[in-house]
Amino acid sequence: ETERQRAEQLAGEVTELEAAAAAATEELDAAVAAVDRELTRLQDAQLRVNEETAASWRAYLADLSSAGLTPPPASALRDPGSGLPERLVPVGAAAGGAQRGAAQLPR
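Worth saying up front: this structure is predicted, and the values here are computed from it rather than measured.

1. A look at the overall build of the chain
Then step 1. Broken down by element type, the chain carries 1 helix and 2 strands.
Then step 2. Starting at the N terminus and walking to the C terminus, you meet the elements of the chain as α-β-β.
Then step 3. Taken against the 2.2 N^0.38 rule, which gives 13 Å for 107 residues, the C-alpha radius of gyration of the chain at 32 Å runs more than 25% over that of a compact globule.
Then step 4. Here the C-alpha coordinates of the chain stretch approximately 100 × 25 × 20 Å along the principal axes.
Then step 5. Scored against the burial criterion, the 107 residues of the chain give a buried share of 7%.
Then step 6. Contacts in the chain between residues at least 24 apart in sequence constitute 17% of all its contacts with a sequence separation of at least 6.
Then step 7. Of the side chains in the chain, 10 bear a positive and 17 a negative charge, and the two mean positions are spaced by 17 Å.

2. Brief notes about the environment of Asp79
Then step 1. Structurally, the position occupied by Asp79 is in the loop between helix H1 (3–66) and strand S1 (89–92).
Then step 2. In this structure Asp79 comes out as partly exposed when scored by relative accessible area, which is 44%.
Then step 3. When the C-alpha positions of Asp79 and Ala98 are compared, they lie 8.4 Å apart, and in sequence the two are 19 residues distant.

3. A closer look at unusual backbone geometry
Then step 1. Phi at Arg87 is positive, roughly 75°, even though this residue is not glycine.
Then step 2. Summarising the element assignment, Arg87 is placed in the loop between H1 and S1.
Then step 3. Take Arg87: its relative accessible area is 45%, and that puts it in the partly exposed class.

4. Things to note about the nonpolar core
Then step 1. Among the nonpolar cores identified, the biggest contains 5 residues, and these are Leu64, Leu69, Leu77, Leu88 and Ala103.
Then step 2. If we skip the residues at most four places from it in the chain, Leu69 touches Leu64, Glu86, Arg87, Leu88 and Leu105.

5. Topic: the pairing of strand S2 (residues 98–104)
Then step 1. In the sheet, S1 pairs with S2 via 3 bridges, with the strands oriented antiparallel. Within S2, the position partnered with Gly92 by the bridge is Ala98.

6. Side note on H1
Then step 1. Its 64 residues give H1 an end-to-end C-alpha distance of 92 Å, which sits within 8% of 94 Å, the value for a rise of 1.5 Å per residue.
Then step 2. At the C-terminal side of H1, Gly68 shows a positive phi close to 80°.

How each quantity is defined
Residues numbered from 1 in each chain as written. Predicted model: local features only at pLDDT ≥ 70, side-chain atom pairs only at ≥ 80, totals over all residues. Heavy atoms only, no water. Helix = DSSP H or I, 4+ residues; strand = E, 2+ residues; numbered from the N terminus. Rg over C-alpha atoms; globule rule 2.2 N^0.38 Å. Buried < 20%, exposed > 50% of the residue type's maximum accessible area, 1.4 Å probe, protein only. Contact = heavy atoms within 4.5 Å. Lys, Arg positive; Asp, Glu negative; His and termini not counted. Charge placed at Lys NZ, Arg CZ, Asp CG, Glu CD. Core = buried A, V, L, I, M, F, W, Y, C linked by side-chain atoms within 4.5 Å. Pairing = 2+ DSSP bridges. Expected span 1.5 Å × (residues − 1).

Quick look at the structure:
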């Protein structure tokens with residue numbers, strides 16, 4: 001095998017490797033684009049949840065205000081069993097008893 005034949009063989013291998021690398025790059029670019037689209041969708045969904053949660057919280061505070069209540073500090077809700085601010089009652093916990101950090105107006 002001559003040097004020229006070896007150079008042509010290597011050039012062919014380089015061309016094949018470059019084509020394989022280009023194909024792999026295209027696949028990776030497509031995968032990254034799909035992940036980016038999904039991440040954008042999830043971030044948009046999270047923003048909607050955040051906005052809904054904030055609106056719900058503002059409505060809750062408005063309910064307290066219209067009932068003549070000032071929201072208590074969080075420390076007043078740490079142990080609902082030891083007493084809650086006037087006119088508030090405990091929120092039931094899934095495991096029974098009172099849920100820490102939460103109180104409600106009686107319904």
